[in-house]
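An overview of the molecular structure
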Amino acid sequence: MSGPERANCDVAVIGAGMAGMATALFAAAQGLSCIQIGNAGSILFASGLLDLLGVHPVAEARRWRSPFQAVAALARDQPEHPLARVDQSAIRHAFEIFVAALGSAGMPYAPLGELNRDVLTSIGTIKGSYGVPLTMVAGADALAARTPCLLIDFRGLREFSAAQIVAAQADSWPGLRHARIEFPNSENSPELYGAHLAGALESADTRERTIGVVKQLLGAAQAVGFPAVLGLARAPQVHAAFEAALGVPVFEIPTIPTSVPGLRLLAALERAVSASGVERRQRSRVRGIDYDAAGKTATLALDDLAGGESVVARSVVLATGRFTGRGLSADRRGVRESILDLPVSQPDSRDAWHQRDFLDPAGHPINRAGLMVDDTWHPLDATARAAWPGLFAVGSILAHQDWMRSKCGSGLAIATAWAAIEQVTRQLRGAGAGQR
Ligand SMILES: Cc1cc2nc3c(=O)[nH]c(=O)nc-3n(C[C@H](O)[C@H](O)[C@H](O)COP(=O)(O)OP(=O)(O)OC[C@H]3O[C@@H](n4cnc5c(N)ncnc54)[C@H](O)[C@@H]3O)c2cc1C
């Protein structure tokens, strides 16, 4: 009887959230052979916007037009923040490559510049984001110019209310109107779901009937906003068809999670990563890691496969996220790293996890818990040294950051993935990396 299967690679990426996807793409771009392990479910919750850094300091909720000036301020104020430890030119380059890969995989973004674009959120607030899908960018332009604009929603679609957005913006955007319409063939459905509408709008007939209704409501509107349901895999074509038929810029506004742009982002990243030659094990989890006696390779034990499989890698990147990703877990004694039990930077006691005021604008210490890394992105062991020279950590599992409050989720993932893969490549170069 044969034993468990073994697969070899230069770099094994554990995790398939934003950080794992970015790491896998960057590893392939460097010519490294790469196996990625993990389920990408968390990306479904993303809005499609790629935030670099929107808020700093979080306690003051200060918003920035330039994410790069924000990163510079972060580096002055919180040099231990992982995003502050990545060179700005590397951040730019990493975003360009990431966004180009998404474009090639069918999810195009507006050209990246120096500034965040302000966009409307599903609840009518305004958020600055760096990477904006092309289907959303006309909304940023309309918002900036306060163009007379019509927002459409569909009766029965609970995850989006155009009326709520208009009410929130009424004082500063008098030319913003809304209208609620019936979605074709759904007159008898009490509740509608974004993904179903997005799929249905890929049919020319459904699209034309929707456009016919909206045309009659246009009035003086010079732009039209919709919930982000304009197509799934063919979203760029569906969006273009709406613009051509309505004769004005059309834009999408993200709905609450799980959103259609999250579905598109997941599909585009899966296509991009697979097309780059990365082998994916999306049904597996890593149970444990052993290093060989000479310290040259790590063997990852995977679960979920009959007979078991192991992956032998010359370097390993941990992109396993925090509590929702299950890279960290917590019990009465504290917070633990889930695979290797690496030391986690965390408050001294459970009592110190949260501020007294749950709504404290400074956020909670528990949200800054995570792995400590050295200058080359190696997680530290209990002696404050690199746990293993071939082990790296990226993304939200890193300590000293609160990506949700800083609005830097994708920025943290993409920038640290790039920086770590630069180190992996440097380490493996000359030792036959990518020449299996
Ligand atoms: C509700 C919501 C809204 C968001 N909105 C935005 C937004 O507007 N803009 C933006 O930029 N970003 C947004 N994000 C995304 C955010 O950028 C990322 O989720 C965040 O950066 C964390 O990414 P991560 O890859 O570090 O971790 P996660 O996304 O948590 O991914 C961790 C991965 O590791 C895997 N994993 C863990 N343990 C193992 C194991 N033992 N073996 C194998 N795999 C394992 C998990 O399955 C998962 O794939 C949003 C996220 C959420 C949840």
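Let us look at the structure shown here. Keep in mind the model is a prediction, meaning the values are calculated, not measured. (Residues numbered from 1 in each chain as written. Predicted model: local features only at pLDDT ≥ 70, side-chain atom pairs only at ≥ 80, totals over all residues. Heavy atoms only, no water.)

**Some words on the overall build of the protein**
- The helix and strand tally for the protein stands at 11 helices and 17 strands.
- The C-alpha radius of gyration of the protein comes to 23 Å, within 12% of the 22 Å expected for a compact globule of 436 residues.
- Overall size of the protein, expressed as C-alpha extent along the three principal axes, is 75 × 55 × 40 Å.
- Counting across all 436 residues of the protein, residues that qualify as buried make up 53%.
- Summed over its atoms, the accessible surface of the protein is roughly 18,800 Å², and 51% of this surface lies on carbon and sulfur atoms.
- Distance between charge centroids for the protein: 1 Å, based on 41 positive and 41 negative side chains. (Helix = DSSP H or I, 4+ residues; strand = E, 2+ residues; numbered from the N terminus. Rg over C-alpha atoms; globule rule 2.2 N^0.38 Å. Buried < 20%, exposed > 50% of the residue type's maximum accessible area, 1.4 Å probe, protein only. Areas by Shrake-Rupley, 256 points an atom, 1.4 Å probe, with all protein chains shown as cover. Lys, Arg positive; Asp, Glu negative; His and termini not counted. Charge placed at Lys NZ, Arg CZ, Asp CG, Glu CD.)

**Points about helix H3 (residues 88-104)**
- The terminal C-alpha atoms of H3, which comprises 17 residues, lie 24 Å apart, in line with the 24 Å expected from a rise of 1.5 Å per residue.
- When H3 is considered as a whole, its buried residues turn out to be Ala-90, Ile-91, Ala-94, Phe-95, Phe-98, Val-99, Ala-101 and Leu-102. For H3, the angular spread of buried residues about the axis comes to 155 degrees, placing them on one side.
- The inward-facing, buried residues of H3 abut helix H1 (18-29), helix H2 (67-77), helix H9 (260-275) and helix H11 (409-428).
- Gly-106 sits one or two positions beyond H3 and adopts a positive phi of about 95 degrees. (Expected span 1.5 Å × (residues − 1). Arc of directions from axis to C-beta. Contact = heavy atoms within 4.5 Å.)

**Quick look at unusual backbone geometry**
- With an omega dihedral of -10 degrees, the bond running from His-56 to Pro-57 counts as a cis peptide bond.
- By secondary structure assignment, the location of Pro-57 is in the loop between strand S2 (34-37) and H2.
- Cis geometry marks the peptide bond from Pro-257 to Thr-258; its omega dihedral reads -10 degrees.
- Within the fold, Thr-258 resides in the loop between strand S8 (250-253) and H9.
- In this model, Arg-326 sits at a positive phi of 80 degrees, which is unusual for a non-glycine residue.
- Its place among the elements puts Arg-326 in the loop between strand S12 (309-318) and strand S13 (328-331).
- Owing to a relative accessible area of 52%, Arg-326 belongs among the exposed residues under this scheme.
- In this model, His-400 sits at a positive phi of 70 degrees, which is unusual for a non-glycine residue.
- Residue position: His-400 is located in the loop between strand S17 (391-393) and helix H10 (403-406).

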